[in-house]
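Listed below, chain by chain, are the residues.
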Amino acid sequence: MGEYKVDRRDIRFVLFELLDLDSLLALDEFKDFSREDFEIVLDEGHKFAENIIAPINQIMDEKGCRLEGGQVILPEEMLRVYQAFAEAGWIGMSHNPEYGGQGFPEVVAMSVMEGFIGGCCTFTLTPMLTRGAAHVIENHGEQWMKDLYCEKMYTGQWAGTMCLTEAQAGSDVGATRCQAKREGDHYLLEGTKIFITSGEHNLTENIIHLVLARLPDSPPGTSGISLFLVPKHRVNPDGSLGEFNDVRCGSIEHKMGIKGSATCELVFGQDGDCHAWLVGEPHKGMRLMFQLMNAARLEVGQQGQSLGAGAYHLALEYAKERLQGPDILQMRDKAAPKVPIVNHPDVRRMLVTMKAYVEGLRAMMLSVGYYVDMARCHPDEKTRDRYQGLVELLTPICKAYGADMGFKVCDLAIMVHGGYGFCTDYGVEQYLRDCKIAAIYEGSNGIQSLDLMGRKLTMKKGAVFMGFVLMLNQFIEKHRKHPRLAPSIKRFENAKNLVAEIGMFLGSTARKGLVKEALQFSYPYLENFGDMVTAWYLIQGALVADDKLQALYAEQGADTPEAQAELIERHDDARFYAAKLHTVDFFTSWILPNVAARAETMKSLNPACLAIPL
């Protein structure tokens, strides 16, 4: 199995060359940081990912976890890595220093997190859920909750979860039956939750569950759900652990992937003694939980992208080393030498497809991380609102498109390896198995497409979406005549026009009462949106790369095509920037045209999907 390597060069390209970090460093929240601080934390984080986390990836898959006497036992290798991870402060990296966080921008934390996820996706699930749960408590809990819980969670002493799903409800959270009844200064909670990631384990001395449940007087549906803080062990006023809180793990799931992560059935109040405390106002639980869910959706999208990136690296290295067959132009020459399979056209097609998706998704994920920082920290309210609109609009794209295209990249990585890819020795089949869950949890990708069409396109009466389209129009006008990227920009413009047109068309169709006829196309529409936005981020990167490449040509005196080709061959930066230009040409020529094909089907409102008897 090849060694896991973080793509340091491209991550730094997005963070330091594509994004406007100076604007972040000018904000009060980040004014004490410098680019050098970011460089150091990236270097340390990526070394930790490669040297400490990645070596346990296959071990976690092979050993998995087991349930003994109601306690989940994880491999001891994970315990050692988790202890080092927590001591290094990685869990609360982008969170409040007042509660043990480091206060870095979210985009920097995400730049580091790619390495952690790609190194061992299973390992990262507990820290990600912990920081998300702590952040909800910090934002919406009472002061005593913040004082007792947040620091211990951000520093990794205690872990956290979110508990939504019930067996009879599935994704229909409004069908929740879990009940909470007032009992003095707390509530007594009873019910069972399923599919709870890290619901029980031996990593930490306490696990803090955020649980959706109903009060006795709650109205039906999601408007009647409240959010409760439920620790595995009660916490005394001085922060020490108290009694066991009647939270039990009934079973763990046996899964296709992420085998080293315990996916639990949790039984609350089996003995009628599970103490819970209300977070926020009664019946407002879904609104509060959405803060955690939306952050998790971005993390899940990055899970797809990061695993795809890891699989691409393994496939690329394999293709460069694996000798098989002569060059296609010498196939009739029996004496022709064997060549690395990277020379074969169809293998190159797969590798370049993987490269385009991975780099486009990386730019998308980190850009949205940047928008999160600006939405949270910018002093101007209108600017904050504008960035928040971008975050909300693009979250279902990051989650669903990131998960599915990451899976596609893992699939292609197996194909590059051929029969060896189907075997466990080479690692790529584990990437694919670990990646599949990203399309399912935190709201399946079909639900994300419904969210895009039903909520996000109509936010503020459509103003957010139309503002986004206007921003893209301005971008196109600014760069339309670019000497080298004009063809790609034109293809992008065509795709953008179709995404805007079909979005309005499907909305109009639904308003006419043809709701199912419109919503049958929700996922193809999300695919179109994802292709279009990915092209936009690739073009942004190519514009930066072209400026840098032209500067290198001038600096090196490479003023002829031959001299430029020679520079690209021998100069790492020139090679990197030139590849950006070819990658965007490939994506907009080979992949982006799918937008038009799907759009034709959507415009037809073809009834076959709804008409076929099943």
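Residue indices follow the written sequence of each chain, beginning from 1 at its first position. In keeping with the model being predicted, local features are shown solely for residues with a pLDDT of at least 70 and side-chain atom pairs are shown and tallied solely at 80 or more, while totals for entire chains, interfaces and linings include all residues. Side-chain figures throughout are based on the complete set of non-hydrogen atoms in the structure, without hydrogens or water.

Visitor: Just to check I follow, could you spell out the pairing of strand β3 (residues 159-163) for this structure?
Guide: A regular strand places its side chains so that they alternate between the two faces of the sheet. The element β3 is largely enclosed, with a buried count of five among its five residues. Alternating residues of β3 divide into Ala159, Thr161 and Cys163 and Gly160 and Met162, and every residue in both groups is buried. Any two strands are treated as partners once DSSP identifies two or more bridges connecting them. Strands are runs of DSSP state E lasting at least two residues, helices are runs of H or I lasting at least four, and both sets are numbered from the N terminus onward. Strand direction decides the pairing type here: β3 and strand β6 (residues 207-214), joined by five bridges, are parallel. Opposite alanine 159, over in β6, you have isoleucine 207 as the bridge partner. For every residue, the accessible area obtained with a 1.4 Å probe (protein chains only) is divided by the maximum for its type, and the residue is called buried under 20%, exposed over 50%, and partly exposed between those limits.

Visitor: It is not clear to me how the side chain of lysine 496 should be interpreted in this structure. Could you clarify?
Guide: Within the element layout of this structure, lysine 496 appears in helix α15 (residues 486-511). Lacking a salt bridge, the buried lysine 496 has glutamate 493 as its closest oppositely charged neighbour, with an N-O distance of 5.0 Å. Look past the residues within four positions of lysine 496 in its chain and what remains in contact with it is Val469, Leu472, Asn473, Ile476 and Met532. Think of it this way: Lys and Arg go in the positive column, Asp and Glu in the negative one, and His and the chain ends go nowhere. Any Lys or Arg side-chain nitrogen found within 4 Å of a carboxyl oxygen on Asp or Glu counts as a salt bridge. Contacts between residues were defined by any pair of non-hydrogen atoms, one from each residue, lying within 4.5 Å.

Visitor: Is there a simple way to think about the packing of helix α7 (residues 121-140) against helix α9 (residues 285-321) in this case?
Guide: Pairs of packed helices are described in terms of their axes, by the angle between the two and the distance that separates them. For the pair α7 and α9, the least separation of the axes is 9 Å and the interaxial angle reads 155°. The angle between α7 and α9 falls in the class roughly antiparallel. As for how α7 packs across α9, the hand of that crossing is right-handed. Residues Cys121, Leu125, Met128, Arg131, Gly132, Ala133, His135, Val136, Asn139 and His140 of α7 form the contact with α9, whose own contacting residues are Leu288, Gln291, Leu292, Glu299, Gln303 and Leu307. Throughout this entry, Asp, Glu, Lys and Arg are counted as charged residues, while Ala, Val, Leu, Ile, Met, Phe, Trp, Tyr, Cys and Pro are counted as nonpolar. The remaining residues, Gly among them, count as polar. The residue makeup of the contact of α7 with α9, split by class, is eight nonpolar, six polar and two charged. Note on method: axes are straight lines fitted to C-alpha atoms, helices fitted across the in-contact stretch only, with angles between N-to-C directions ranging 0 to 180 degrees. Should an angle fall under 35 degrees it is taken as roughly parallel, and over 145 as roughly antiparallel, whereas 65 to 115 is taken as roughly perpendicular and any remaining angle as oblique. Left-handed describes a crossing whose near helix is turned anticlockwise from the far helix through less than a right angle; right-handed describes the clockwise counterpart.

Visitor: How do you make sense of unusual backbone geometry when you look at a structure like this?
Guide: Backbone phi values are negative for most residues with the exception of glycine, while trans is the configuration of most peptide bonds. In this model, phenylalanine 195 sits at a positive phi of 55°, which is unusual for a non-glycine residue. Relative to the assigned elements, phenylalanine 195 resides in strand β5 (residues 186-197). We note that glutamate 442 has phi near 60°; this positive angle belongs to a residue other than glycine. Inspection of the secondary structure assignment puts glutamate 442 in the loop between α12 (428-436) and α13 (445-456).

Visitor: I would appreciate a short explanation of the environment of arginine 80 in the present structure.
Guide: Inspection of the secondary structure puts arginine 80 in helix α5 (residues 76-87). Put simply, arginine 80 and leucine 485 are 405 residues apart on the chain and 49 Å apart in space, counted from C-alpha to C-alpha.

Visitor: Got a minute to help me understand the pattern of salt bridges in this structure?
Guide: For the structure shown, the criterion picks out 42 salt bridges. Aspartate 10 is the partner of arginine 362 in a salt bridge, and the nearest nitrogen-oxygen pair spans 2.7 Å. One end of the pair, arginine 362, is in helix α10 (residues 345-377); the other, aspartate 10, is in helix α1 (residues 8-18), and 352 residues separate them in sequence. Taken as a pair, arginine 362 and aspartate 10 share a single burial class, namely buried. The partner of glutamate 493 in a salt bridge is arginine 480, with the nearest N and O atoms 2.9 Å apart.

Visitor: I'm lost on the nonpolar core in this one. Help?
Guide: Within soluble globular proteins, side chains that are nonpolar generally end up buried alongside one another. Grouped together as the largest cluster of nonpolar side chains are 181 residues, with contacts concentrated most on Leu189, Tyr525 and Phe529. Leucine 189 has contacts with Cys178, Gln179, Ala180, Val211, Ala213, Phe228, Val230, Phe268, Gly269, Cys274 and Ala276, leaving out every residue within four places of it along the chain. The term nonpolar core refers to a set of buried residues drawn from Ala, Val, Leu, Ile, Met, Phe, Trp, Tyr and Cys, joined through side-chain atoms within 4.5 Å.

Visitor: Mind showing me how you'd approach the packing of aromatic side chains here?
Guide: For any pair of aromatic rings, the description consists of the separation of the ring centres together with the inter-plane angle of the planes. In this scheme Phe, Tyr and Trp rings, the latter by its six-membered ring, pair at centre separations within 6.5 Å, and the angle between planes marks the pair as stacked below 30 degrees, edge-to-face above 60, and tilted otherwise. Applying the stated criterion to the full structure yields 31 aromatic pairs. Each ring, one from tyrosine 318 and one from tyrosine 426, has its centre 5.8 Å from the other, and the planes form 90°; the classification is edge-to-face. Taken together, the residues span a long stretch of sequence, with tyrosine 318 in helix α9 and tyrosine 426 in the loop between α11 (381-417) and α12 at a distance of 108 residues. Joined through ring pairs, the aromatic side chains of Phe465, Phe468, Phe475, Phe492, Tyr525, Phe529, Trp536 and Tyr537 make up one cluster. Taking NZ or CZ as reference, arginine 35 lies 4.2 Å from the ring centre of phenylalanine 16, over its face. Each ring is checked for a lysine NZ or an arginine CZ that lies within 6 Å of its centre and within 35 degrees of its normal; such an atom marks a charge sitting over the ring. A cation over an aromatic ring shows up here: arginine 386 above the ring of tyrosine 387, its NZ or CZ 4.7 Å from the ring centre.

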